Amino acid sequence: MSGQDKSIWDTLENIPREVLYGILIVVFVFPMVYPLGLPVPISENVRKWYRTIDELPSGSVVLIDFGYSGGGEPELGPMAVAVYHHLFKKGGIKVICMSTSIEGPQLWDKAMAEIRPEQRYGAQYGVDYINIGYIAGTETAMAAVGKDLRATTSTEYKGNSLDQYSIMDGIVDATSFDLLICYTTGGDQSEGWVRQWFTVYETPYLCSVLAMMVPTMLPYQNAGQIVSLTSGAQAGEMESLVKMPARGIKSADVITLTHILCLIYVVVGNVAQIGKKSSGGGR
Amino acid sequence: MTVRKTIPVVIVFVVAVVVMMDYFLVLPPVSEAGKSWTSGAVTNIQNWGIILSAFALGFGAVNLFYFHSRHISRRTPGQWMYSLWLLIVIVIFTVIGVSMGATSDGYSWLYNASFFALSATVYSSLGFYMTSGLYRALRFKNLESGIFVVVGLVVLARNAPALTVYFPALGVWGSFISDVLTTSAQRGIMIGGALGAISLGIRTMTGRETGFLGKLTEEEKGGGAVA
């Protein structure tokens, strides 16, 4: 009996990774195909983010940094799209986008194809929104744009002169902006904007990063240097507030179920270890 | 100090002092726009930095060509075919990007259909490794690992959106862990890193750190003579 018990604990403790992966795939795919509609509570940070944009007076200018790479798009893309929906819905806000990630312009195009600002909100490129493209140098680029935007780049992302777009009238440097938003997969960007914009110009700063980056960015938020810090995984919450359900809300079920599975894995692993030890099989 | 070291160190020192002065101080004479005399100089320096960063991207591509061409010409076992594939992909992206434009439909299609899809797949596959690692590594073996397991479980549960609805206490515990424990530890790490960066900056500005100058002899570094 003891030998049989030992082998059960052994088996349980060393479940092949193919089995672990297989269960994970099932738990991942099932809610994607059959959405469960599990509740999505809206956290205080997402509410604060929403309020910050909602309270912007008409005519405000917002700078958005598409600082994420293709690998992070499934997490940060839905958040970027939901926030753009909010900005366009609100109306009267000038939205200027730049990229500190070389893939930014492509990912911005992807987001715009999803948002369809012209058709959905009647927003016009060059009047209500624009993309000034990728600017190399990361933190140097942030500092340069903050100091003198026109000296840093004279064209938008397709190479047309900025002078021909009315949205750029009166845009000189960081003081021309009322809000800064950054979506990023890199610490250089998320922390760089604090150093180069918040510290120098005190521009209110909203930051959305990968979930695993949140702990490194929390001190900035708790020190008041970031108005609101969110992870891309909270896109579902933003979509709920903006009332534009899309990819984020769909992935909320997946996030809940996969996290529960991870909890189960940890518990099973520990039970197996304790069982093995108590049956005399432990080291 | 030798010329090979002195000139770069002097340039670094002057540039660093001007940039730092502009960051922290508004020195007279101040323009009507309220900008210090250093502002124009720093704008130029930053633009040079941006141009150099862009140049470095192109230089990196040239270096990749050089490095992988050698593998192909030497037929390095288990490597040369990947090197060849890499160079083919670089050429395809460059030709389409230059001829049609980096924001053209053709280039965007190529990016979305190849690089974007692969990049997202590779990143997502981390989820599998993390799940397997979680199962095997997050074990209660002693007091320290026990604390780690408990904290890990709370954070995991708190990050599952629906669970916080059914168990509101998770939000309170999770906030305590992230806002108090994590933030305080992270602040310590950040302050330590910042102090290290300051000391490295001072060493670089004063020529004590010569790594950025490439390979120097002891004599060029200002140390002993070379045998």
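Since the model is a prediction, treat every value here as computed from it, not as a measurement.

The rules behind each value
Positions within a chain are numbered from 1, following the residues in the order the chain's sequence is written. Chains carry letters from A onward and ligands carry numbers from 1 onward, assigned in written order. Thresholds applied to this predicted model are a pLDDT of at least 70 for local features of residues and 80 or more for the giving and counting of side-chain atom pairs; totals over whole chains, interfaces and linings are not thresholded and use all residues. Hydrogen atoms and water are omitted, and side-chain values are computed over all heavy atoms in the structure. A run of H or I in DSSP counts as a helix once it spans at least four residues, and a run of E counts as a strand once it spans at least two, with each numbered from the N terminus. We compute the radius of gyration over the C-alpha atoms and compare it with the globule rule, which gives 2.2 Å times the number of residues raised to the power 0.38. Classification of residues uses two cut-offs on accessible area relative to the type maximum, computed with a 1.4 Å probe and protein chains only: under 20% is buried, over 50% is exposed, and between them is partly exposed. Whether two residues touch is decided by their heavy atoms; if any such pair falls within 4.5 Å, the residues are in contact. To measure how exposed things are, a 1.4 Å probe is used in the Shrake-Rupley method; for residues, cover is taken only from the protein chains shown. Positive residues here are Lys and Arg, negative ones are Asp and Glu, while His and the chain termini are left out of the count. A single reference atom marks each charge: NZ on Lys, CZ on Arg, CG on Asp, CD on Glu. Here the bounds of each domain stem from an automatic or database domain assignment. An expected span of 1.5 Å times one less than the residue number is assigned to each helix. Note: buried area is the sum, over both parts, of the accessible area (probe 1.4 Å) each one loses when the two are combined. Any carboxyl oxygen of Asp or Glu that lies within 4 Å of a side-chain nitrogen of Lys or Arg is treated as forming a salt bridge with it. Residues adjacent in sequence count toward polar contacts only when both atoms are side-chain atoms; beyond that, a polar contact is any pair of N or O atoms within 3.5 Å, and within protein one must be able to donate a hydrogen and the other to accept it. Note that Gly is not counted as nonpolar here; it falls among the polar residues with everything else outside the nonpolar set of Ala, Val, Leu, Ile, Met, Phe, Trp, Tyr, Cys and Pro and the charged set of Asp, Glu, Lys and Arg. The pairing criterion is simple: DSSP has to find at least two bridges between the two strands. Classification remark: right-handed applies to a crossover when, strands pointing away from the viewer, the course from the first strand over the helix to the second runs clockwise. Note on definitions: the grid is 1 Å and covers protein atoms alone; a cavity is a set of points where a 1.4 Å probe fits but cannot get out; a pocket is an open set with protein on both sides within 12 Å along at least five of seven lines; lining residues have an atom within 4 Å of a point. Grid points are joined across faces, edges and corners, and a volume is the space filled by probe spheres set on the points. Note that patches include only residues with greater than 30% relative accessible area and no salt bridge, and the join distances are 9 Å for like charges and 5 Å for nonpolar side chains (Val, Leu, Ile, Met, Phe, Trp, Tyr). For every residue, the predictor states its confidence as a pLDDT score lying anywhere from 0 to 100. A fitted line through C-alpha atoms represents every axis, and for helices the fit uses only the stretch in contact; the resulting angles, taken between N-to-C directions, go from 0 to 180 degrees.

Attention shifts here to the overall build of chain B. Of the regular secondary structure elements, chain B holds eight helices and zero strands. Put simply, chain B runs from its N terminus to its C terminus through helices and strands in the order α-α-α-α-α-α-α-α. Relative to its length of 227 residues, chain B is extended, with a C-alpha radius of gyration of 26 Å against a globular reference of 17 Å. Principal axes of the C-alpha set define a box for chain B whose edges measure 65 × 55 × 55 Å. Taken over 227 residues, chain B has a buried fraction of 26%. Here the contacts in chain B between residues at least 6 apart in sequence split such that 31% fall between residues at least 24 apart. Summing over all exposed atoms, chain B offers an accessible surface of approximately 14700 Å²; the carbon and sulfur share of this is 73%. Between the centroid of the 15 positive side chains of chain B and the centroid of its 9 negative side chains there is a distance of 12 Å.

Moving on: the domain arrangement of chain A. When the parts of a complex come together, some accessible area is lost, and that lost area is often taken as the interface size. Taken domain by domain, chain A consists of domain 1 (8-34 + 252-278) and domain 2 (44-245). Here the C-alpha centroids of domain 1 of chain A and domain 2 of chain A sit 38 Å apart.

Moving on: helix α2 (residues 38-74) of chain B. In a regular helix each residue adds 1.5 Å, so 37 residues correspond to 54 Å; α2 of chain B covers 53 Å between its end C-alpha atoms and thus fits that length. Those residues of α2 of chain B lying buried are Thr38, Ser39, Val42, Thr43, Gln46, Asn47, Gly49, Ile50, His68, His71 and Ile72 of chain B. Lining the buried residues of α2 of chain B we find α7 (139-147) and α8 (149-152) of chain A together with α1 (3-24) and α3 (80-100) of chain B. In the segment just after α2 of chain B, Arg75 of chain B is the residue with positive phi, at about 50°.

Now for the interface of chain B and chain A. Between chain B and chain A, the residue contacts involve 55 residues of the former and 65 residues of the latter. Counting the surface lost from both chain B and chain A, the interface buries some 5000 Å², and carbon and sulfur atoms represent 65% of this. Summed over the shared surface of chain B and chain A, the number is three salt bridges. In this structure, the salt-bridge partner of Glu13 of chain A is Arg139 of chain B, at a minimum N-O distance of 3.0 Å. Between the two partners, chain B and chain A, sit 18 residue pairs in polar contact (both at pLDDT 80 or more). Elements that contribute at least two residues to the side of chain B that touches chain A include exactly α1, α2, α4 (105-137), α5 (143-159), α6 (161-166) and α7 (169-205) of chain B. Residue contributions to the side of chain B that touches chain A peak at 17 residues, all from α4 of chain B. Of the residues that constitute the side of chain B that touches chain A, the class distribution is 29 nonpolar, 19 polar and seven charged.

Let us now look at the pairing of strand β2 (residues 94-99) of chain A. All names here are of chain A. Taking burial as the measure, the six residues of β2 include five buried ones, the bulk of the element. As judged from the five bridges shared by strand β1 (residues 61-67) and β2, these two strands associate in the parallel manner. By the bridge assignment, Val62 is partnered in β2 with Val95. Handedness of the β1-helix α4 (residues 73-90)-β2 crossover: right-handed. Where β2 lies against strand β3 (residues 129-134), four bridges are found, and the strand directions are parallel. Bridge pairing in β3 links Ile96 to Ile130.

Further remarks concern the layout of surface pockets. In this structure, the second largest pocket occupies an estimated 1800 Å³ of space. Along the walls of the second largest pocket sit 49 residues, with Glu139 and Gln196 of chain A together with Val19, Met20 and Tyr23 of chain B positioned nearest its centre. Among the secondary structure elements, those contributing two or more residues to the lining of the second largest pocket are α7, α9 (187-201) and α10 (214-222) of chain A together with α1, α2 and α7 of chain B. Broken down by class, the residue content of the lining of the second largest pocket amounts to 28 nonpolar, 13 polar and eight charged.

This part is about a nonpolar patch on the surface. Residues and elements named next belong to chain A. Residues Ile25, Phe28, Val29, Phe30, Met32, Val33, Tyr34 and Leu36 make up a contiguous nonpolar surface patch of about 740 Å² in total accessible area. With respect to the helices, strands and loops of the structure, Val29 is situated in helix α2 (residues 17-33). The partly exposed category is assigned to Val29, whose relative accessible area is 39%.

With that out of the way, let us pick up the confidence of the model for chain B. All names here are of chain B. Residues at a pLDDT of 70 or more form 96% of chain B, whose mean pLDDT is 89. When mean pLDDT is compared element by element in chain B, α3 scores highest at 94, while helix α8 (residues 218-221) scores lowest at 69. With pTM at 0.90, the complex prediction returns an ipTM value of 0.85.

With that out of the way, let us pick up unusual backbone geometry. Here the residue pair Pro28 of chain B and Pro29 of chain B is connected by a cis peptide bond, since its omega of 5° sits within 30 degrees of zero. Of note, Pro29 of chain B is situated in the loop between α1 and α2. Positive phi outside glycine occurs at Lys243 of chain A, with the angle close to 60°. By the secondary structure assignment, Lys243 of chain A is in the loop between α11 (235-242) and α12 (247-278). One non-glycine residue, Arg75 of chain B, lies in positive phi territory at about 50°. With respect to the helices and strands, the residue Arg75 of chain B is situated in the loop between α2 and α3. Classification of Arg75 of chain B by relative accessible area gives partly exposed; the value is 49%.

A few words on the pattern of salt bridges. Summed over all chains, the structure comprises twelve salt bridges over all chains. Asp163 of chain A is paired through a salt bridge with Arg150 of chain A; the nearest N and O atoms lie 2.7 Å apart. Of this pair, Asp163 of chain A sits in the loop between α8 and β4 (179-184) while Arg150 of chain A sits in helix α8, and the two are 13 residues apart along the sequence. For Asp173 of chain A, the salt bridge is made with Lys35 of chain B, and the minimal N-O distance between the two is 3.3 Å. Residue Asp173 of chain A is found in the loop between α8 and β4, and its partner Lys35 of chain B is found in the loop between α1 and α2; the two belong to separate chains. Asp173 of chain A sits in the buried class, given a relative accessible area of 9%.

Attention now moves to the sheet that holds strand β5 (residues 205-209) of chain A. Residues and elements named next belong to chain A. Strands sit in the order β3-β2-β1-β4-β5-β6 across an open sheet of six strands; the sheet is parallel. Whereas interior strands pair on both sides, the edge strands pair on one side only; in this sheet they are β3 and β6 (228-231). The mean angle between the axes of side-by-side strands here comes to 15°, regardless of whether they run parallel or antiparallel. Summarising the sheet, β1 and β4 pair through six bridges and their orientation is parallel. Directly across from Val62, in β4, lies its bridge partner Leu179. Sitting on the sheet, helix α3 (residues 44-54) is in contact with β4, β5 and β6, with an inclination near 120° to β6.

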